[in-house]
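# Per-entry structural report
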Amino acid sequence: MGCCSSASAAQSSKREWKPLEDRSCTDIPWLLLFILFCVGMGFICGFSVATGAAARLVSGYDSYGNICGQRNAKLEAIPNSGLDHTNRKYVFFLDPCNLDLINRKIKSIALCVAACPREELKTLSDVQKFAEINGSALCTYNIKPSEYTQSSKSAGLCPKLPVPASAPIPFFHRCAPVNISCYAKFAEALITFVSDNSVLHRLISGVMTSKEIILGLCLLSLVLSMILMVIIRYISRVLVWILTILVILGSLGGTGVLWWLYAKQRRSPKETVIPEQLQIAEDNLRALLIYAISATVFTVILFLIMLVMRKRVALTIALFHVAGKVFIHLPLLVFQPFWTFFALVLFWAYWIMTLLFLGTTGSAVQNEQGFVEYKISGPLQYMWWYHVVGLIWISEFILACQQMTVAGAVVTYYFTRDKRNLPFTPILASVNRLIRYHLGTVAKGSFIITLVKIPRMILMYIHSQLKGKENACARCMLKSCICCLWCLEKCLNYLNQNAYTATAINSTNFCTSAKDAFVILVENALRVAAINTVGDFMLFLGKVLIVCSTGLAGIMLLNYQQDYTVWVLPLIIVCLFAFLVAHCFLSIYEMVVDVLFLCFAIDTKYNDGSPGREFYMDKVLMEFVENSRKAMKEAGKGGAADARELKPMASGTSSA
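In this report, the structure presented in the accompanying data block is examined. (Residues numbered from 1 in each chain as written. Predicted model: local features only at pLDDT ≥ 70, side-chain atom pairs only at ≥ 80, totals over all residues. Heavy atoms only, no water.)

## Comments concerning the packing of helix H12 (residues 426-465) against helix H13 (residues 472-506)
Put simply, H12 and H13 touch, their axes get as near as 9 Å, and they point 170 degrees apart. By the criterion of interaxial angle, the relationship of H12 to H13 is roughly antiparallel. Classifying every residue of the contact of H12 with H13 by side-chain character gives 16 nonpolar, eight polar and five charged. (Axes fitted to C-alpha atoms, helices over the stretch in contact; angles between N-to-C directions. Helix = DSSP H or I, 4+ residues; strand = E, 2+ residues; numbered from the N terminus. Parallel < 35°, antiparallel > 145°, perpendicular 65-115°, else oblique. Nonpolar A, V, L, I, M, F, W, Y, C, P; charged D, E, K, R; others polar.)

If you want it as structure tokens, here you go:
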């Protein structure tokens, strides 16, 4: 693992911030726990495959427990089991459109057949003819093809007429109807606003016809996101002040309009108004007064906040400018969302496949209808819960690895005085440090998020199951608990990200890094508030800009398409994808800004620009420090809060 010494001893003796020095392993017990957990996930996958679930999943099985495409053993007390289906490789459902929406399965007898009917079969004679020509019997095993049109039992033992044309699903050997119209009920259950099948068909046809346009617009959103990340560096100063002015003018204008409406309403004559209208007018006047007073209070508070935070806004601008430089020196940062998304997709694919294996593993059990189902009994039935916890923990672990990688690369950039001496690939160097030293810290941080996320998901599931049944008090308590857990999760995510940055700098364990980062954040609380309000609002506007631009381009392109009439769904798909792409890219930008801020706060706390304690910061941040010092000298004994916050920068001389 790249560790040769005891991490705990090094961490106990080391309390000074020494960027990129004294690297040691952190949180080794948590890494071992995470490895053991992953071994358990592998055991679940191996168990499901070893117990025959893989064959039942891929080849499929009939309602009597026979796996299609092979010779089967006889199951005790199960009729029609133990058949030789070597030549019957496909699963065919007698009524494929009979869906159980609650249990998400097809409520129909399943048979193993030699071939799927490629054309619609309207009568039993057609079914009999198909069996004679293709050797594929579509009725149950108890009745011969020659008896299809003669036996009185054919109505319940043969497929529901007309038999839709079907084709085998690739790799899974199930006969699925070619025309998916019989699944409209299932689609309507998922998309509740669709009440007419024709609307659903038009929406789907719109997506299929405009797939090239959708792909092009998705690429456009990707390009726009990358361009925006570049130009934010150059327009950050102008953009922040434009937003500030717009907010001030908007609040002043809204307050003024409300007072004007109140004054106009109050001066209007009331002699000719009937009593009912007079009462309504008085209520409106009272409401306008309340709105005007509230808007005035909001505007005053907003002015005070901007007055207090005006100097911190300058720091936000400087950090955004430096973040743009980081992406120029570390261009591979732009591709971090791709690698993370790719890793998540691979893991989710593995998780879903294992879930499908688990769905068909276990022992054969006869249900109420006399058909075979496979269920797990005993302690092994709780593997589902283990598997769900694994989904959350490992997904959070992958996201945390991205945060640690970005933090390590940005820390390397910040604490390298001569940017020409940067490593050839700081991203790969950060990944190397993560794998060699800090996987345990990432595992611990992601586990803490998992502990908060699981109760919230359980409460959300309970709320969805009790919807319409619980009383108002219970509903309010459930929503309050869900909201509190969501807020706690967001706070822990932010603290975790800063803890990873502290680990990347000082190579301390998770708890020590979280405590040190928390102390730094508390000491710079006003700056944190400014960055998280102004900065997040800027990035949110960037997301809105990309979505609106992509949506506008989509409207213009789709408007010229005459092959279909409904293009609402393609536009929604494009806008959602544009927001997702913009969020992924700008979240990396936000992450870089947060890491830069923590590095800046540490730099100003432990360095003062004097010989031997030179600043590491960029020239743009150095200008901010110099301007802050000049402002303090001019103010003399100014605000105590500003003096405390700029104290680390008040002494010594700066160094470029």
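## Remarks on the state of the cysteines
This structure, assessed with the given rule, holds three disulfides. For the unlinked cysteine Cys218, the closest cysteine sulfur is that of Cys575, found at 9.9 Å. Accessibility expressed as a relative area gives 11% for Cys218, which makes it buried. (Disulfide = S-S within 2.5 Å. Buried < 20%, exposed > 50% of the residue type's maximum accessible area, 1.4 Å probe, protein only.)

## Some details on the pattern of salt bridges
Evaluation of the coordinates by the stated rule reveals five salt bridges. Between Glu489 and Arg456 there is a salt bridge; the shortest N-O distance is 3.0 Å. Taken together, the residues span a long stretch of sequence, with Glu489 in helix H13 and Arg456 in helix H12 at a distance of 33 residues. Judged by relative accessible area, which is 4%, Glu489 ranks as buried. A relative accessible area of 14% places Arg456 in the buried class. Three or more residues are tied together by salt bridges with common partners; here these are Glu396, Lys453, Arg456 and Glu489. (Salt bridge = Lys/Arg side-chain N within 4 Å of Asp/Glu carboxyl O.)

## Observations concerning the packing of aromatic side chains
Aromatic rings in a pair are described by how distant their centres are and how their planes are angled relative to each other. Throughout the structure, instances matching the rule amount to 17 aromatic pairs. Their ring planes at 80 degrees and their centres at 6.0 Å tell us that Tyr64 and Phe371 sit as a pair that is edge-to-face. Here Phe371 lies in the loop between strand S7 (363-366) and strand S8 (372-375) and Tyr64 lies in the loop between helix H3 (53-59) and strand S1 (90-93), a separation of 307 residues in the sequence. For the pair Tyr414 and Phe415, a centre-to-centre distance of 5.0 Å together with 70 degrees between the ring planes defines the contact as edge-to-face. Of the two residues, Tyr414 and Phe415, neither departs from the other in class, the shared state being buried. (Phe/Tyr/Trp six-rings, centres within 6.5 Å; stacked < 30°, edge-to-face > 60°.)

## Quick notes on the environment of Cys575
Within the fold, Cys575 resides in helix H16 (residues 568-606). When the C-alpha positions of Cys575 and Gly554 are compared, they lie 8.8 Å apart, and in sequence the two are 21 residues distant. Setting aside its immediate chain neighbours within four residues, Cys575 contacts Val547 and Gly551. (Contact = heavy atoms within 4.5 Å.)

## Remarks on the pairing of S7
Across four bridges, the pairing between S7 and S8 is antiparallel. Counted as the bridge partner of Ser363 is Lys375 from S8. A loop of five residues connects S7 with S8, the two strands running antiparallel in sequence, and Gly370 in this loop sits at a positive phi of about 90 degrees. (Pairing = 2+ DSSP bridges.)

## What about a nonpolar patch on the surface?
Judged by side-chain polarity, Val223, Ile227, Val230, Ile231, Tyr234, Ile235 and Ile328 come together as a nonpolar surface patch covering roughly 620 Å² of accessible area. Of the residues forming the nonpolar patch, the biggest block, six residues, is contributed by helix H8 (residues 211-267). With respect to the secondary-structure elements, Ile235 resides in helix H8. (Patch = residues over 30% accessible without salt bridge, like charges linked within 9 Å, V, L, I, M, F, W, Y side chains within 5 Å. Areas by Shrake-Rupley, 256 points an atom, 1.4 Å probe, with all protein chains shown as cover.)

## Some remarks on the nonpolar core
Counting 81 residues, the largest nonpolar core has Leu333, Tyr589, Val592, Leu596 and Leu621 as its most contacted members. At 17 residues, H16 tops the list of elements feeding residues into this core. Once residues lying within four places of it in the same chain are set aside, the contact partners of Leu333 are Val326, Phe327, Val406, Val410, Ile427, Ile588 and Val592. Ranked by size, the runner-up nonpolar core spans 18 residues in total, among them Phe92, Ile109, Tyr148 and Val163. (Core = buried A, V, L, I, M, F, W, Y, C linked by side-chain atoms within 4.5 Å.)

## Brief notes about the packing of helix H11 (residues 383-414) against H12
At a minimum axis separation of 5 Å, H11 and H12 run at an interaxial angle of 140 degrees. When the axes of H11 and H12 are compared, the pair comes out oblique. For H11 against H12, the interelement crossing comes out right-handed. (Left-handed = near helix turned anticlockwise from the far one by under 90°.)

## A look at the layout of surface pockets
Of the voids in this model, the second largest pocket is the one considered here, and its volume is about 1600 Å³. In terms of lining residues, the second largest pocket is bounded by 44 residues, among which Leu399, Gln402, His583, Cys584 and Ser587 are the most central. Listed by contribution, the elements that provide at least two residues to the lining of the second largest pocket are H8, helix H10 (336-360), H11, H12, H13, helix H15 (525-558) and H16. It is H16 that provides the largest number of residues to the lining of the second largest pocket, a total of 11 residues. (1 Å grid on protein atoms, 1.4 Å probe; cavity = no way out; pocket = protein on both sides within 12 Å on 5 of 7 lines; lining within 4 Å. Points joined across faces, edges and corners; volume = space filled by probe spheres on them.)

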